[in-house]
Amino acid sequence: MNLAGLKPGQKGRIVSIGAIGPLKRRLMDMGVLVGEEVKVVKVAPMGDPIEVFIKSYNLSLRKNEAEGIAVEVLA
Amino acid sequence: MNGQTVVKEQESPMKRGNLRPVEQRVVTIAVAGNPNAGKSTLINAIAGSRLHVGNWPGVTVEKKEASFDYQGTKIRLVDLPGTYSLSPYTQEEIIARDYLVEERPDLILNVVDATNLERNLYLTVQLMELGIPVVMALNIYDEAQAKGYRIDVAQMEKMLGIPVIPTSATKKTGLDQLLEVAVSGEKGQQVAAPHQLNYGEDIEAAAELIAGSLRNSHPGLLERYPTRWLLLKLVEGDAEVQKTTNLTDQSLLSEALYHLRRAHGEDLEAVLAEVRYSLATGLTREVLKKPELPRTEVTEKIDRIVLHRVFGIPIFLAAMWIMFKLTFDVSKPLADWISTMIAGPFKHWAEALLGLIHAPEWTVSLATDGIIAGTGNVLVFVPMIFAMMFFITFLEGSGYMARAAFVMDRAMHAIGLHGKSFIPMLLGFGCNVPAIYATRTLENPRDKALTALLVPLMSCGARLPVYVVFIGAFFPKNGGTVLWSLYVMGIVLAIVMGFIFKKTLFRGDAPMFIMELPPYRVPSLKSLMIHTWEKGKHFLVKAGTYVLAVSIMVWFLLNLPWGVEHKRDSYLGQVGAAVAPALSPLGFGSWEASSSLIAGLVAKEIVVGTMGEIYVKKAEEKKAEKPTFAQDLQTAGSGLVKALGESVNNVTSTFGVSSLSTAEDAEKLAERTPLREELKKQFTPLAAYAFITFVLLYMPCVVAAVAMVQEFGTWKWYGIAFGYQMVLAWSMALLVYQGGKLLGFGG
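Residues numbered from 1 in each chain as written. Chains lettered and ligands numbered in written order. Predicted model: local features only at pLDDT ≥ 70, side-chain atom pairs only at ≥ 80, totals over all residues.

If you look chain B up in an unreviewed UniProt entry, it shows as Ferrous iron transport protein B from Geomonas limicola. Per UniProt, chain B has the following entry under Sequence similarities (unreviewed entry): "Belongs to the TRAFAC class TrmE-Era-EngA-EngB-Septin-like GTPase superfamily. FeoB GTPase (TC 9.A.8) family." The record in UniProt for chain B states the following under Subcellular location (unreviewed entry): "Cell inner membrane". (UniProt positions renumbered as here; feature names shortened; annotations may be inferred.)

Looking at an unreviewed UniProt entry, one finds chain A named Iron transporter FeoA and attributed to Geomonas limicola.

Caption draft 1: Seen up close, the overall build of chain B. The helix and strand inventory of chain B stands at 32 helices and eleven strands. When each of the 747 residues of chain B is scored for burial, the buried share is 44%. Of all intrachain contacts in chain B linking residues separated by at least 6 positions in sequence, the fraction that spans at least 24 positions is 74%. (Helix = DSSP H or I, 4+ residues; strand = E, 2+ residues; numbered from the N terminus. Buried ≥ 20, exposed ≤ 12 C-beta atoms within 10 Å, placed from the backbone. Contact = placed C-beta atoms within 7 Å.)

Caption draft 2: Region of the structure containing the domain arrangement of chain B. The domain boundaries assigned to chain B delineate domain 1 (5-187), domain 2 (201-289) and domain 3 (318-742). Taking only C-alpha atoms into account, the centre of domain 2 of chain B sits 54 Å from that of domain 3 of chain B. (Domains from an automatic or database assignment.)

Caption draft 3: Structural view of the sheet that holds strand 3 (residues 50-54) of chain A. Read across the open sheet, the six strands follow the order 5(A)-1(A)-2(A)-3(A)-4(A)-11(B); overall the sheet is antiparallel. Strands with a single pairing partner mark the edges of an open sheet, and in this sheet they are strand 5 (69-73) of chain A together with strand 11 (515-516) of chain B. As paired strands, strand 1 (residues 11-17) of chain A and strand 5 of chain A are joined by five bridges and run antiparallel to one another. Pairing of A:Ser16 across the sheet is with A:Ala70, part of strand 5 of chain A. (Pairing = 2+ DSSP bridges.)

Caption draft 4: Molecular detail of the interface of chain A and chain B. Counting from both sides, the interface comprises 28 residues of chain A and, opposite them, 27 residues of chain B. Residue assignment for the side of chain A that touches chain B shows that the elements contributing at least two residues are helix 1 (21-29) and strand 4 (57-61) of chain A. Counting residues per element, the side of chain A that touches chain B draws most heavily on helix 1 of chain A, at eight residues. Tallied by class, the residues present in the side of chain A that touches chain B amount to 13 nonpolar, five polar and ten charged. (Nonpolar A, V, L, I, M, F, W, Y, C, P; charged D, E, K, R; others polar.)

Caption draft 5: Broad picture of helix 7 (residues 201-217) of chain B. Residue and element names in this part refer to chain B. For helix 7, spanning 17 residues, the distance from its first C-alpha to its last is 24 Å, which sits close to the expected 24 Å at 1.5 Å a residue. By the burial criterion, the buried members of helix 7 are Ile203, Ala206, Ala207, Leu209, Ile210 and Leu214. Around the axis of helix 7, the buried residues are gathered within 160° of arc, so they sit on the same side. Across from the buried face of helix 7, at angles greater than 90 degrees, the exposed residues are Glu201, Glu208, Gly212, Arg215 and Asn216. For helix 7, the secondary structure elements touched by its buried residues are helix 8 (219-224), helix 9 (227-236), helix 11 (251-264) and helix 12 (268-287). (Expected span 1.5 Å × (residues − 1). Arc of directions from axis to C-beta.)

Caption draft 6: Quick look at the packing of helix 30 (residues 685-697) of chain B against helix 32 (residues 716-742) of chain B. Residues and elements named next belong to chain B. Packing of helix 30 against helix 32 leaves a shortest axis separation of 8 Å and a crossing angle of 165°. Taken together, the axes of helix 30 and helix 32 are roughly antiparallel relative to one another. Helix 30 and helix 32 meet at a crossing whose hand is right-handed. Counted together, Leu686, Ala687, Tyr689, Ala690, Thr693, Phe694 and Leu697 of helix 30 and Gln725, Leu728, Ala729, Met732, Ala733, Val736, Tyr737, Gly740 and Lys741 of helix 32 form the full contact between these two elements. Its residues assigned to classes, the contact of helix 30 with helix 32 shows twelve nonpolar, three polar and one charged. (Axes fitted to C-alpha atoms, helices over the stretch in contact; angles between N-to-C directions. Parallel < 35°, antiparallel > 145°, perpendicular 65-115°, else oblique. Left-handed = near helix turned anticlockwise from the far one by under 90°.)

Caption draft 7: Quick look at the environment of B:Thr28. Residue and element names in this part refer to chain B. Assignment of secondary structure puts Thr28 in strand 2 (residues 23-33). Between the C-alpha atoms of Thr28 and Gly536, which are 508 residues apart in sequence, the distance is 28 Å. Aside from chain neighbours lying at most four places away, what touches Thr28 is Arg76, Val78, Pro105 and Asp106.

Caption draft 8: Representation of the pairing of strand 5 (residues 73-79) of chain B in the model. All names here are of chain B. In this sheet, strand 5 lies alongside strand 4 (residues 62-70) in antiparallel orientation, the contact comprising seven bridges. Across the sheet, Ala66 pairs through a bridge with Leu77, a residue of strand 5. Hairpin connection of strand 4 to strand 5: two residues between the antiparallel strands, including Gln71 at a positive phi of 45°.

So, in structure tokens, the structure goes:
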């Protein structure tokens, strides 16, 4: 399962980050790290991007950016 | 290293009867922090009107600076761009770290959002690597307290080894204390360098190994850079640092990092990020107590409505509509008043004054039609720029800008743009100039440039008078459809050009979207005012000079050689005649048409005015009585009152966007009857449609050009815009004219 596949309200724990280079670094700088708990809050009205709750703040990212983030579903 | 600079006044103390030399310490403070941590508000609250807004050299990122005295110490505040990290990827991060590493300020003021401690401390950890004294402003402290957060400030100071001062920039608490600590060195209690945090055995060992070999092989490097920062960057494999230090493939690095790589894998950058975050997480856990049951936040409630799956887009469009209305409809009566003042009273007064000193006729014309009219061309933009800046700053400060991007990104991304591009594009329909300035809301240089390149295809208000005259003359029955077709053509071509640019000029990965959705906050009025004022002033001074120069140039073209009987013989007419053959395949290859188009460089609506001057003989010029000085003054006063009234009225009147309405233009149209009659003789309907197509698409006006050059600090993007728009205008007009002829719409 990847982050883009979670439904709003679903929680997951990040297992791995497939992105490389600047995208990976940017994600990590924003607190998207392996082991972190993440919750999908919303999907934008047109279906993309998505809003997630991580490290007690809200982050938005495009689905193609979220696809590389593997998660295990928590609830 | 103590970087404090001491400036001794050169004055002899004896002469003043004062035996102590007067010394003034200068402390340079770099302000660093995450975006949305209230950094701007804090700086505005401290420095206020002493703030100077400019750009970082060579880039489009805003730079704020202020110098002022505090308790006998001269403080120089330098605001660094808001960043989440000091990695070398975004423009903002590169600027911030280059400044910190190269310029070595005396002190870093780290603004931290107390409601979002963990992610903010991740930057703090990185700032502490630099070995520069750090003072932390634990900002938005009031909000954190209201949320029930309990932060152990003393514990935080102890763990980090830096002074931590709770502040609220909006309520102006803690600011004095902050400055006091910042200058406290004077009393012999210099702010100490922060603790060196332990990054774990493996990393510390690797750093030590590198330090050891550098001491032998590159001693200069350790002098030149903050040591700990350099070592950690080398462990991390920071591409920029490897490049500037020339240590890319040195064996000393691979030896030192061998064990680290074996234990943690190849991606040491990720390892360092994890270590820094775990430090931030650990610190947060130690000092922050959150209430057991978090309440539903206001932000969450607002977002439930504003980002709603069904209502999200309508709400966004409504907000945009209000913004558009406020930007253009509020400023329009004021702009109109300014242009009436320029064309009326100011012109009369200048004429009268010059008449008194018996100035030759051409100088009167140069002064009134060239200089005063040119100044007017700049001034009419001022209300609009102020209104737009106010709005954009409000949207950003309140947190809605990020939501706007979130809602629109899908659609804008499809044509290679960013969700935030929507606002500049929309503003473009009012006027391209504020639209180009509004691209500053986009962080990524690629997104910004592409947006600015496409903005001129949005048909602005200045093109409307041209359409209206031609539609009145040639398409009185289906004017609405023709007008609509032009707007749609602009949008469709923007989409097409977006695709083309994406595949050519901007090949490669689209920039990322990853963006914080900050909590909603009420922006401080002072902050809004300072920002708006600084931008408006900037425009007046910088853009004003260029626009004035071009206006005077056009005056020379139009009026020289002095005293020509026929406009055809003026320089403008001559240039027009030279260009005309190139336009004849488009159906309007006359010197009159091309001269008018050239004059449109000043502003596209000038095309109509120039045509009026050229086509319609001057014979019918009204010899109206010139108003007296007193009458002029009265007109000015009552005009302003009326304009202000209209501004207010435009806000409250709910329907329609008056700056786009043609009602008023219809009024003016009656005055243009002779021109319309003349145009009917000169153009076929098909050629007329080709002509307005050309006006829609050809080069941006000079004010838009200046905006582009000023925003990007280079002529490059304007050059590209000019080039592609000329080609596009020519090809589309050709397509319309020749295609129309083939389809049998007449020649």
